[in-house]
Amino acid sequence: DDRLRGRDFISIHDFTVEEIAYILEVGHGLKKMQKEGVEHHYLKGKTLGMIFQKSSTRTRVAFEVGMYQLGGHALFLSPRDIQLGRGETIKDTAKVLSRMVDGIMIRTFAHEEVLELAYYADVPVINGLTDLLHPTQIIGDLMTIQEHKGALKGLKCAFVGDGNNVAHSLLFGGAKVGMDVVIATPPGFEPNSEILAKAKEDARATGARLWVVNDPKEAVKDADIVYTDVWASMGQENEAEEKEKSFWPYQVNAELMSLAAKGAIVLHCLPAKRGKEITDEVMDGPQSVVFDQAENRLHAHKAIMAVIM
Ligand code: CP
Ligand code: NVA
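Residues numbered from 1 in each chain as written. Chains lettered and ligands numbered in written order. Predicted model: local features only at pLDDT ≥ 70, side-chain atom pairs only at ≥ 80, totals over all residues. Heavy atoms only, no water.

Spanning 13 residues, helix α6 (residues 165-177) covers 19 Å between terminal C-alpha atoms, matching the ideal 18 Å at 1.5 Å per step. The buried fraction of α6 amounts to 13 of the 13 residues, a majority that puts the element mostly inside the structure. Once α6 finishes, Gly 178 follows within two positions and takes phi at roughly 80 degrees, a positive value. (Helix = DSSP H or I, 4+ residues; strand = E, 2+ residues; numbered from the N terminus. Expected span 1.5 Å × (residues − 1). Buried < 20%, exposed > 50% of the residue type's maximum accessible area, 1.4 Å probe, protein only.)

Moving on to helix α2 (residues 58-69). Because an α-helix packs 3.6 residues into every turn, residues spaced three or four apart end up facing the same way. For α2, with twelve residues, the first-to-last C-alpha span of 16 Å sits near the 16 Å given by 1.5 Å per residue. Every buried residue of α2 is accounted for by Thr 59, Ala 62, Phe 63, Gly 66, Met 67 and Gln 69. The arc enclosing the buried residues of α2, seen along the axis, measures out at 155 degrees, which places them on a common side. Where α2 terminates, the next one or two residues include Gly 71, which has phi positive at roughly 90 degrees. (Arc of directions from axis to C-beta.)

Turning our attention to the packing of helix α1 (residues 17-36) against helix α12 (residues 290-308). Two numbers describe how α1 lies on α12: the axes approach to 8 Å, and their chain directions differ by 115 degrees. As α1 packs across α12, the resulting crossing turns out to be right-handed. Facing α1, whose interface residues are Tyr 22, Ile 23, Val 26, Gly 27, Leu 30, Lys 31, Gln 34 and Lys 35, α12 presents Glu 295, Asn 296, Leu 298, His 299, Lys 302, Ala 303, Ile 304, Ala 306 and Val 307. Here the residues of the contact of α1 with α12 sort into nine nonpolar, four polar and four charged. (Axes fitted to C-alpha atoms, helices over the stretch in contact; angles between N-to-C directions. Left-handed = near helix turned anticlockwise from the far one by under 90°. Contact = heavy atoms within 4.5 Å. Nonpolar A, V, L, I, M, F, W, Y, C, P; charged D, E, K, R; others polar.)

Residues in contact with ligand 1, as listed here, are Ser 56, Thr 57, Arg 58, Thr 59, Arg 107, His 134, Gln 137, Cys 269, Leu 270 and Arg 297. At 2.8 Å, a side-chain N or O of Arg 107 approaches an oxygen atom of ligand 1. Gln 137 places a polar side-chain atom, nitrogen or oxygen, 2.8 Å from a nitrogen atom of ligand 1. Here ligand 1, which alone exposes 260 Å², has 96% of that area covered by the protein. Looking at the shell around ligand 1, its residues break down into two nonpolar, five polar and three charged. (Near = heavy atom within 4 Å. Polar contact = N/O pair within 3.5 Å; in protein donor to acceptor, adjacent residues only side chain to side chain. Areas by Shrake-Rupley, 256 points an atom, 1.4 Å probe, with all protein chains shown as cover.)

With that out of the way, let us pick up the sheet that holds strand β3 (residues 103-107). Strand order in this open sheet of four strands is β2-β1-β3-β4, and the pairing throughout is parallel. Whereas interior strands pair on both sides, the edge strands pair on one side only; in this sheet they are β2 (73-77) and β4 (125-127). Taken over all neighbouring pairs, the strand axes of this sheet differ in orientation by 20 degrees on average, direction set aside. The sheet strands contacting α2 are β1 (47-52), β2, β3 and β4, and the helix crosses β1 at an angle near 170 degrees. Each of β3 and β4 is contacted by helix α4 (residues 111-120), which is oriented at about 170 degrees to β4, the strand it contacts most. (Pairing = 2+ DSSP bridges.)

Without other data, these values stay purely geometric and don't point to any function.
This is the structure we're talking about:
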């Protein structure tokens, strides 16, 4: 239906509890259709322009393949090739693309660039990751948890790692679906306090508990989901070595997993640095659902595009 048509997808915080539930439902529906070979050309003849200022495997392939499966077409716009990389403004890029495409996805560094693009664009804008947020990731993750745990409400999800983009969107996601989220980070790497405060406000509607600790064991104790991410995010390559020193106690390994609830699942948004934030044993072990999670980016992105475009 048309309830979300024309909306931007920039943060999970911008959507109501019902709207997030609806996007998840559409995602599961589209996944079923794709698995059964049922044609679902809901975006026939539509195009998505995709601006990537950072690398991507999953996000790019999910949007590109997803758009094709929806009957549309996606264009990969690398900063090396488009004029944005030579200094054309976001504003002018937004205005020009809006005359030609039906939606714009952008992955970039500063979150403000996405907001600026959305301000000037006349077509829906999708945030494909910024330094602050990674909302499309969390839609796929919530689908994955639903598939493996049957529900979301009342579960405990422990995120162990850096309190940045993925952790921020996970807090917003948990708040909207009633899933408890605890973030365990080294001192100094806690989530942005404004984001946490906003997420807590959202959580009042669903009863989700959201909190931050520095002790990974305390966080993982009795958790139904253990989630981790790289220690050095894109753009932090120079800090990687220095950061690593603080993050070793936060490695998701068999010992840490032994504290989680029975039947707990392990998530990682990927790409992973195996042997750093997660061991091979855990990533390839029976509790890991990381490749289901990666696949669900496809279905989640299709849902997002289908409802807003
Ligand atoms: N998880 C994720 O966004 O992966 P990519 O960086 O490969 O898109
Ligand atoms: N935090 C990571 C997520 C990658 C999908 C990064 O920003 O690089």
